Amino acid sequence: MSSRPFLRTTIHREEVDSTNDLARALLSEGPPATPFAVRARRQTRGRGRGANRWWSDEGSLTVSIVIDPADHHLTVAHEARPALVGALALIETIADHRPSGRLGLKWPNDVEIGRRKVAGFLAERVEVEDRRFLIIGMGVNVLTRMDEAPAEVRTRAAALVDLVADPESLSLDGLLERFLDRFARRLSDLASDDPALVDLWNAFDLLRDQPIAVAQGDRVVEGMGAGIDPLGGLILCDGAERRTLYGGTVVKT
């Protein structure tokens with residue numbers, strides 16, 4: 001573990017619409033020293049990619065981490081990959097608890113166990129005057145009461161407490177602390193373009209060798225998953241062509 005906390009400060013709220021939205025508002029008002037985090041006990045309108053919403057309760061870990069890329073030696077070319085770095089750090093953290101079912105990454109920003117979503121990330125870039133920041137929002141179903149979730153959520157999501165070998169060891173604070181330590185180290189790996197990151201993304205890639213469809217606006221691209229490239233793009237093969245997608249939503253697996 002690091003001897004120095006990754007975060008300079010954490011701003012706690014009982015309830016917010018969205019931790020990412022609150023982080024954005026704080027940046028516009030004059031940001032605290034980075035990295036800082038916004039954490040809420042309850043999030044009522046958590047955002048995912050596109051128009052997606054993230055349902056949560058008090059047993060969920062909902063937090064947004066704000067960094068200045070320059071502090072971590074990240075260039076503009078790196079800025080599309082912090083969500084992947086975060087997902088990898090979280091996967092490594094969850095693995096400590098020996099989950100039942102296959103644990104992995106569903107490109108571009110979800111963590112699943114046994115084909116059930118347990119976490120999602122949303123990374124956004126914000127420019128304030130002459131500075132740029134990255135907000136990495138994270139929602140994790142830790143002690144979440146899935147029996148109280150909407151029916152459509154229960155069919156595709158799960159909570160760690162129901163899937164790990166040692167549920168009594170789970171806590172929101174403990175999981176976040178261990179995640180942040182790994183996240184800091186993985187950001188350093190990203191800044192140095194460590195090829196091990198690409199190997200790990202691919203080791204945990206749940207879409208490899210799966211027939212999938214990715215929506216990009218009105219266009220849908222279909223093919224077989226063939227891995228994640230060094231820039232974080234999803235590689236698809238349709239037999240005659242191999243293409244790499246750097247954005248989109250997986251709509252079929």
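Shown above is the structure to which this text applies.
Attention here is on the structure that accompanies the text. Computed from a prediction, not measured in an experiment: that's the story for all the values here.

### Quick notes on helix α2 (residues 82–95)
Then, in step 1: The first and last C-alpha atoms of α2 sit 20 Å apart over 14 residues, in line with the 20 Å expected at 1.5 Å per residue.
Then, in step 2: Counting buried residues along α2, 13 of its 14 residues qualify, which places the element largely inside the surrounding structure.

### So, the environment of Leu190
Then, in step 1: For Leu190, the position within the fold is in helix α4 (residues 172–191).
Then, in step 2: For the pair Leu190 and Arg81, spaced 109 residues apart in sequence, the C-alpha to C-alpha distance is 8.2 Å.
Then, in step 3: When residues no more than four places from it in sequence are discounted, the contact partners of Leu190 are Leu74, His78, Arg81, Val85 and Leu197.

### Examining unusual backbone geometry
Of all residues except glycine, most have a negative phi; of all peptide bonds, most are trans.
Then, in step 1: The residue after Thr34, namely Pro35, is reached through a cis peptide bond having omega -5°.
Then, in step 2: With respect to the secondary-structure elements, Pro35 resides in the loop between α1 (19–29) and β2 (36–43).
Then, in step 3: Here Trp107 and Pro108 are connected by a cis peptide whose omega angle stands at 5°.
Then, in step 4: Inspection of the secondary structure assignment puts Pro108 in the loop between β6 (103–106) and β7 (110–113).

### With respect to helix α5 (residues 195–203)
Then, in step 1: Residues of α5 that are buried: Leu197, Val198, Trp201 and Asn202. Down the axis of α5, the buried side of the element spans an arc of 130°, and every buried residue falls inside it. Opposite the buried face of α5, at more than 90 degrees from it, the exposed residues are Asp199 and Ala203.
Then, in step 2: Contact partners of the buried residues in α5: α2, β6, α4 and β11 (219–228).
Then, in step 3: Residue Asp194 occupies the N-cap position of α5, its side-chain oxygen lying 2.8 Å from the main-chain nitrogen of Ala196.

### Observations concerning the nonpolar core
Then, in step 1: Grouped together as the largest cluster of nonpolar side chains are 56 residues, with contacts concentrated most on Leu90, Val111, Leu160 and Phe179.
Then, in step 2: In this structure Leu90 touches Val111, Ala119, Phe121, Met138, Val140, Leu175 and Phe179, once residues within four positions along its chain are discounted.
Then, in step 3: Counting 11 residues, the second largest nonpolar core, distinct from the first, contains Ile11, Leu26, Val126 and Val128.

### Quick notes on the packing of α2 against α4
Then, in step 1: The contact between α2 and α4 brings their axes to 8 Å, and the two run at 135°. By the angle class used here, α2 and α4 are oblique. α2 and α4 meet at a crossing whose hand is right-handed. Between α2 and α4, the residues in contact are Pro82, Val85, Gly86, Leu88, Ala89, Leu90, Glu92 and Thr93 and Leu175, Arg178, Phe179, Arg182, Phe183, Arg186, Leu187 and Leu190, respectively.
Then, in step 2: Here the residues of the contact of α2 with α4 are counted per class, giving 10 nonpolar, 2 polar and 4 charged.

### A closer look at the sheet that holds strand β14 (residues 249–252)
Then, in step 1: Spatially, β13-β12-β11-β10-β14 is the arrangement adopted by the 5 strands of the open sheet, whose pairing is antiparallel. Sheet topology places β13 (242–245) and β14 at the edges, where each strand pairs with a single neighbour. The sheet shows a mean angle of 50° between the axes of neighbouring strands, direction not considered.
Then, in step 2: The pairing of strand β10 (residues 211–216) with β14 spans 3 bridges and is classified as antiparallel. Across the sheet, Val214 pairs through a bridge with Val250, a residue of β14.

### Some words on the pairing of β13
Remember that side chains alternate between the two faces of the sheet whenever the strand is regular.
Then, in step 1: Bridge count for strand β12 (residues 234–237) against β13 is 4 bridges, and the pairing is antiparallel. Following the sheet pairing, Cys237 is matched in β13 by Arg242.
Then, in step 2: Between β12 and β13, which pair antiparallel and follow one another directly, the connecting turn spans 4 residues, one of which, Gly239, has a positive phi of 95°.

Conventions and cut-offs
Along each chain, numbering runs from 1 in the same order as the chain's sequence is written. Per-residue local features of the predicted model are confined to residues with pLDDT of at least 70, and side-chain atom pairs are confined, for both listing and counting, to 80 or more; whole-chain, interface and lining totals are unaffected and use all residues. Side-chain calculation: all heavy atoms of the structure are included, whereas hydrogens and water are not. Helix numbering and strand numbering both begin at the N terminus, where a helix is a DSSP run of H or I of at least 4 residues and a strand a DSSP run of E of at least 2. In this analysis, the expected span of each helix is defined as 1.5 Å times one less than the number of residues it contains. We call a residue buried when its accessible area falls under 20% of the maximum for its residue type, exposed when it is over 50%, and partly exposed in between, using a 1.4 Å probe and counting protein chains only. It only takes one pair of heavy atoms within 4.5 Å for two residues to be counted as in contact. It is the directions from the helix axis to the C-beta atoms that the arc portrays. In the analysis that follows, any N or O atom pair within 3.5 Å is treated as a polar contact, provided that within protein one partner can donate a hydrogen and the other can accept it, and provided that, for residues neighboring in sequence, both atoms belong to side chains. Residues belong to one nonpolar core when they are buried, are Ala, Val, Leu, Ile, Met, Phe, Trp, Tyr or Cys, and are joined through side-chain atoms within 4.5 Å. Between N-to-C directions, angles cover 0 to 180 degrees, with each direction set by a line fitted to C-alpha atoms, over the stretch in contact for helices. An angle below 35 degrees is treated as roughly parallel, one above 145 as roughly antiparallel, one from 65 to 115 as roughly perpendicular, and anything else as oblique. Take the far helix as your reference; a near helix turned counterclockwise from it by less than a right angle gives a left-handed crossing, and one turned clockwise gives a right-handed crossing. Just so you know the grouping, Ala, Val, Leu, Ile, Met, Phe, Trp, Tyr, Cys and Pro go in nonpolar, Asp, Glu, Lys and Arg go in charged, and all remaining residues, Gly too, go in polar. Pairs of strands are assigned from DSSP output, requiring at least two bridges between the strands.

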